[in-house]
Structures are given as structure tokens and as C-alpha cells.
Amino acid sequence: MNSKLQLLFDSLQQDRNELISTIKSLSVEKFNYAPVGKWSINQILAHLITAERLSVMYIQKKILGIKEAKDTGLWEDIKFEILKVSQRLPLKFKAPKMVVERTPVYTNTNELLADWDKTGAELEALLEKFDDTQTKKRIYKHFLAGRLNIQHALMFLSEHIIHHQPQINRLLK
């Protein structure tokens, strides 16, 4: 795997593992507790997994035509930095309809974690397909920031976890 992608993937895995360590021993009640009008920890994690899985599926499709894809530049870097800042602020975003409609309901943490492991393995296998000349190609599409590259995609997936961490922390109290 490209060394930049490996570092970004490792960082994503670290963020994921730190989150998992905070919820792994939760009771079923705590895992599924949802304040009125809010998501449970289960629902938040299902959302994160679904966003990652749909990202992998999209990139798998786009990598087939990667030779025709244009490179990202300064404009995409600026859009990504704005996206990154938006994830760090206590802003609420409505989840994209496609993500909401495809988010499964998990009955327990083992099922959820197995699905996330599978998605992570698919992402890792996908990253192996990128050579050094393809890391700046526009093959990822964020619903707000538009077309970005694989590095942006990996950074966003980490930022997405970080964005939802305060929400999970509130539910853990």
C-alpha cells in the first residue's frame, strides 16, 4: 500500500479502535439507550459503519475509471479543510438520505463490530489497489464537499468518528 494511504488508514483504525474500546463492555440497555429525539450509541455506530461502507462501495466503482479521473488541487484541499473544521465544531448535520435508508439495525455489539471489521478489511483491500500516481485522483464524493481524493476520504472517515465522539460521550455519562 502507498505509504501515505497506510498512515491515514492506520490513523483511521486507531480512531475506530479507541471508540470501540469505550463501548465494548456496555450493557445492552446502555448501548441502545436513546434520549427522546436523539440517537443511541448503537445508532451512531451504525451510522458511522454505513457511511464507511457506502464510501468503500463508491470508491470501488470509481477506481474502475481512475485513469480518466482528474487530479484534485488547491480548491479540493480548501473544501476539505472547511469540511474538517465543520466536523470539529459542535454543528449538527442531517445525515444524507442514502445513508439513513441503508443504515442497518444491529441487535448487539458483536454483530455491529463484525460488520465494521468487514468494512475495514474491504477498505484496506481497496487501498492496496492505489498506486503512487493515483492518490490525488477525484474518486470520492462527499455529499457537501463534492469530489475529493482517496486521502481526503480517509481523513474524512477519521473526522467523522471524531465528530460523533462527543455525542457518544454524552450518552456514556
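A brief report on the enclosed structure follows. Predicted model, so just to flag it, every value in this text is computed and none were measured. (Residues numbered from 1 in each chain as written. Predicted model: local features only at pLDDT ≥ 70, side-chain atom pairs only at ≥ 80, totals over all residues. Heavy atoms only, no water.)

1. A word on the nonpolar core
- In this structure, Leu45, Ile59, Trp116, Leu123, Phe130, Ile139 and Ile150 are the most contacted members of the largest nonpolar core, which totals 41 residues.
- Of all elements in the fold, only helix H1 (3–23), helix H3 (41–62), helix H4 (74–88), helix H6 (109–127) and helix H7 (150–172) reach the threshold of two or more residues within this core.
- Residue contacts for Leu45: discarding those within four places in its chain leaves Leu19, Ile23, Phe31, Leu112, Trp116 and Ile168. (Core = buried A, V, L, I, M, F, W, Y, C linked by side-chain atoms within 4.5 Å. Buried < 20%, exposed > 50% of the residue type's maximum accessible area, 1.4 Å probe, protein only. Helix = DSSP H or I, 4+ residues; strand = E, 2+ residues; numbered from the N terminus. Contact = heavy atoms within 4.5 Å.)

2. With respect to the pattern of salt bridges
- Enumeration over the complete set of coordinates arrives at five salt bridges.
- The partner of Glu76 in a salt bridge is Arg138, and the shortest N-O contact between them spans 3.2 Å. Pair noted here: Glu76 is in helix H4 and Arg138 is in the loop between H6 and strand S1 (140–142), with a separation of 62 residues, a long-range link. (Salt bridge = Lys/Arg side-chain N within 4 Å of Asp/Glu carboxyl O.)

3. Structural notes on the layout of surface pockets
- Estimates place the volume of the largest pocket at around 1,200 Å³.
- Lining the largest pocket are 39 residues, with His47, Ala95, Pro96, His160 and His164 sitting closest to its centre.
- Elements represented by at least two residues in the lining of the largest pocket include exactly H3, H4, helix H5 (97–101), S1 and H7.
- Among the elements that line the lining of the largest pocket, the one with the most residues is H7, at nine residues. (1 Å grid on protein atoms, 1.4 Å probe; cavity = no way out; pocket = protein on both sides within 12 Å on 5 of 7 lines; lining within 4 Å. Points joined across faces, edges and corners; volume = space filled by probe spheres on them.)

4. Some points on empty space enclosed by the protein
- Counted according to the given criterion, the structure contains one cavity of 30 Å³ or more.
- By volume, the largest cavity amounts to about 30 Å³.
- Lining the largest cavity, in full, are Leu12, Leu48, Glu52, Leu157, His160 and Ile161.
- Only H3 and H7 provide two or more residues apiece to the lining of the largest cavity.
- The element contributing the most residues to the lining of the largest cavity is H7, with three residues.

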